[in-house]
Amino acid sequence: MTQRLTEQAIGEALGALPGWEAEGAEAISKTFRLADHIAALGFVVRVAAAAEVMNHHPEVAWVYNRVTFRLSTHDAGGMTERDLALARRIEELAAS
Ligand SMILES: C[C@H](O)[C@H](O)[C@H]1CNC2=NC(N)=NC(=O)C2=N1
(Lines give C-alpha, C1' and ligand atoms only; values in the text may rest on other atoms or scores of the structure.)
Protein backbone atom coordinates (compact mmCIF):
# COMPACT_ATOMS: atom_id res chain seq x y z
CA MET A 1 0.00 0.00 0.00
CA THR A 2 2.99 2.35 0.32
CA GLN A 3 4.40 1.65 -3.15
CA ARG A 4 4.47 4.89 -5.21
CA LEU A 5 2.07 5.03 -8.16
CA THR A 6 3.10 5.95 -11.70
CA GLU A 7 1.54 8.91 -13.49
CA GLN A 8 -0.21 6.43 -15.77
CA ALA A 9 -1.74 4.51 -12.87
CA ILE A 10 -2.85 7.76 -11.27
CA GLY A 11 -4.43 8.95 -14.52
CA GLU A 12 -6.31 5.68 -14.86
CA ALA A 13 -7.60 5.91 -11.28
CA LEU A 14 -8.73 9.53 -11.76
CA GLY A 15 -11.12 8.33 -14.45
CA ALA A 16 -13.36 7.26 -11.57
CA LEU A 17 -12.58 10.30 -9.43
CA PRO A 18 -14.21 13.27 -11.18
CA GLY A 19 -12.75 16.69 -10.40
CA TRP A 20 -9.51 15.40 -8.90
CA GLU A 21 -6.40 16.77 -10.57
CA ALA A 22 -2.96 15.20 -10.54
CA GLU A 23 0.28 17.04 -9.84
CA GLY A 24 2.50 14.64 -11.75
CA ALA A 25 2.97 11.61 -9.52
CA GLU A 26 3.31 13.76 -6.40
CA ALA A 27 -0.27 14.44 -5.34
CA ILE A 28 -3.90 14.85 -6.33
CA SER A 29 -6.20 17.66 -5.28
CA LYS A 30 -9.80 18.76 -5.56
CA THR A 31 -11.76 21.82 -4.46
CA PHE A 32 -15.29 21.39 -3.12
CA ARG A 33 -17.77 24.28 -2.96
CA LEU A 34 -20.21 23.97 -0.02
CA ALA A 35 -23.39 25.92 0.76
CA ASP A 36 -21.65 28.29 3.17
CA HIS A 37 -18.74 28.73 5.57
CA ILE A 38 -20.07 26.48 8.32
CA ALA A 39 -21.10 23.72 5.89
CA ALA A 40 -17.52 23.79 4.63
CA LEU A 41 -16.23 23.48 8.21
CA GLY A 42 -18.54 20.53 8.82
CA PHE A 43 -17.19 18.82 5.71
CA VAL A 44 -13.61 19.39 6.89
CA VAL A 45 -14.47 17.84 10.26
CA ARG A 46 -16.07 14.76 8.65
CA VAL A 47 -13.08 14.27 6.37
CA ALA A 48 -10.69 14.74 9.29
CA ALA A 49 -12.52 12.05 11.27
CA ALA A 50 -12.35 9.64 8.33
CA ALA A 51 -8.67 10.43 7.82
CA GLU A 52 -7.99 9.62 11.45
CA VAL A 53 -9.72 6.25 11.07
CA MET A 54 -7.69 5.54 7.92
CA ASN A 55 -4.50 6.96 9.48
CA HIS A 56 -4.00 8.87 6.25
CA HIS A 57 -4.37 12.63 6.37
CA PRO A 58 -5.03 15.29 3.72
CA GLU A 59 -3.63 18.76 3.37
CA VAL A 60 -6.61 21.10 3.73
CA ALA A 61 -7.22 24.68 2.58
CA TRP A 62 -10.51 26.27 3.68
CA VAL A 63 -11.62 29.61 2.22
CA TYR A 64 -15.17 30.68 3.14
CA ASN A 65 -17.35 27.95 1.49
CA ARG A 66 -14.56 26.29 -0.52
CA VAL A 67 -12.41 23.43 0.74
CA THR A 68 -9.42 22.09 -1.16
CA PHE A 69 -7.93 18.71 -0.24
CA ARG A 70 -4.45 17.78 -1.44
CA LEU A 71 -3.51 14.11 -1.03
CA SER A 72 -0.03 12.64 -1.02
CA THR A 73 1.72 9.93 1.01
CA HIS A 74 4.45 11.65 3.00
CA ASP A 75 6.07 8.33 3.98
CA ALA A 76 6.47 7.42 0.28
CA GLY A 77 7.26 10.88 -1.07
CA GLY A 78 4.39 10.79 -3.53
CA MET A 79 1.08 9.19 -4.54
CA THR A 80 0.13 5.70 -3.28
CA GLU A 81 -3.03 3.62 -3.12
CA ARG A 82 -3.67 5.18 0.31
CA ASP A 83 -4.26 8.53 -1.36
CA LEU A 84 -6.74 7.02 -3.81
CA ALA A 85 -8.56 5.30 -0.95
CA LEU A 86 -8.83 8.59 0.92
CA ALA A 87 -10.06 10.37 -2.22
CA ARG A 88 -12.77 7.73 -2.64
CA ARG A 89 -13.78 8.17 1.00
CA ILE A 90 -13.92 11.96 0.58
CA GLU A 91 -16.21 11.47 -2.44
CA GLU A 92 -18.47 9.22 -0.34
CA LEU A 93 -18.67 11.90 2.36
CA ALA A 94 -19.35 14.61 -0.24
CA ALA A 95 -22.27 12.56 -1.57
CA SER A 96 -23.77 11.76 1.85
C1 LIG B 1 2.90 7.38 12.00
C2 LIG B 1 1.70 7.53 11.08
O3 LIG B 1 1.16 6.26 10.82
C4 LIG B 1 2.14 8.11 9.76
O5 LIG B 1 2.79 9.34 9.98
C6 LIG B 1 0.96 8.34 8.79
C7 LIG B 1 -0.01 9.38 9.28
N8 LIG B 1 -0.79 10.00 8.20
C9 LIG B 1 -0.26 10.11 6.95
N10 LIG B 1 -0.87 10.85 6.02
C11 LIG B 1 -0.33 11.02 4.79
N12 LIG B 1 -0.94 11.79 3.88
N13 LIG B 1 0.83 10.43 4.48
C14 LIG B 1 1.51 9.65 5.31
O15 LIG B 1 2.58 9.12 4.95
C16 LIG B 1 0.96 9.43 6.63
N17 LIG B 1 1.55 8.65 7.52
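Cut-offs used in this document
Residues numbered from 1 in each chain as written. Predicted model: local features only at pLDDT ≥ 70, side-chain atom pairs only at ≥ 80, totals over all residues. Heavy atoms only, no water. UniProt positions renumbered as here; feature names shortened; annotations may be inferred. Helix = DSSP H or I, 4+ residues; strand = E, 2+ residues; numbered from the N terminus. Buried < 20%, exposed > 50% of the residue type's maximum accessible area, 1.4 Å probe, protein only. Core = buried A, V, L, I, M, F, W, Y, C linked by side-chain atoms within 4.5 Å. Near = heavy atom within 4 Å. Polar contact = N/O pair within 3.5 Å; in protein donor to acceptor, adjacent residues only side chain to side chain. Areas by Shrake-Rupley, 256 points an atom, 1.4 Å probe, with all protein chains shown as cover. Nonpolar A, V, L, I, M, F, W, Y, C, P; charged D, E, K, R; others polar. Pairing = 2+ DSSP bridges. Phe/Tyr/Trp six-rings, centres within 6.5 Å; stacked < 30°, edge-to-face > 60°.

The protein goes by Putative pterin-4-alpha-carbinolamine dehydratase in an unreviewed UniProt entry, where it is assigned to Tepidiforma flava. Within the UniProt record for the protein, the comment given under Catalytic activity (unreviewed entry) is "(4aS,6R)-4a-hydroxy-L-erythro-5,6,7,8-tetrahydrobiopterin = (6R)-L-erythro-6,7-dihydrobiopterin + H2O". The protein has a UniProt comment under Sequence similarities (unreviewed entry) that states "Belongs to the pterin-4-alpha-carbinolamine dehydratase family."

Student: Lay out the environment of V53 with the relevant residues and their values.
Tutor: Mapped onto the elements of the fold, V53 is located in helix α2 (residues 37-54). Looking at V53, the relative accessible area reads 74%, which means it is exposed. C-alpha separation for the pair V53 and F69, spaced 16 residues apart in sequence, amounts to 17 Å.

Student: Outline the nonpolar core, supporting the account with residue identities and numerical values.
Tutor: Among the nonpolar cores identified, the biggest contains 23 residues, and W20, I28, F69, L71 and I90 are the most heavily contacted of them. At the level of elements, α1 (7-14), β2 (27-33), α2, β4 (66-71) and α3 (81-95) are the ones that each hand at least two residues to this core.

Student: Talk me through the site of the ligand; I want residue IDs and the actual numbers.
Tutor: Taken together, the neighbourhood of the ligand is formed by N55, H56, H57, S72, T73, H74 and D75. Contact between the ligand and H57: a nitrogen atom at 2.8 Å from a side-chain N or O atom of the residue. In this structure, a nitrogen atom belonging to the ligand sits 2.8 Å away from a main-chain N or O atom of S72. Burial of the ligand by the protein chains amounts to 67% of its free accessible area of 390 Å². By residue class, the composition of the shell around the ligand is no nonpolar, 6 polar and 1 charged.

Student: Give a detailed account of the pairing of strand β3 (residues 59-63), specifying residues and quantitative values.
Tutor: Bridge analysis of β3 against β4 gives 5 bridges, and the strand direction is antiparallel. Residue pairing in the sheet places E59 in a bridge with R70 of β4. In this structure, the hairpin formed by β3 and β4 is closed by a connection of 2 residues, where Y64 is found at a positive phi of approximately 50°.

Student: I'd like a rundown of the packing of aromatic side chains, residues and numbers included.
Tutor: For the structure on display, the rule yields 4 aromatic pairs. Summarising the aromatic geometry, the rings of F32 and F43 are spaced 5.2 Å apart at their centres and angled 65° between planes, so their arrangement reads as edge-to-face. A residue pair is termed long-range when its members are at least 10 positions apart, and F32 in strand β2 and F43 in helix α2 qualify at 11 residues. Here F43 falls in the buried class, since its relative accessible area comes to 3%. Relative to F69, the ring of F43 lies with its centre 5.6 Å away and its plane at 75°, an arrangement referred to as edge-to-face.

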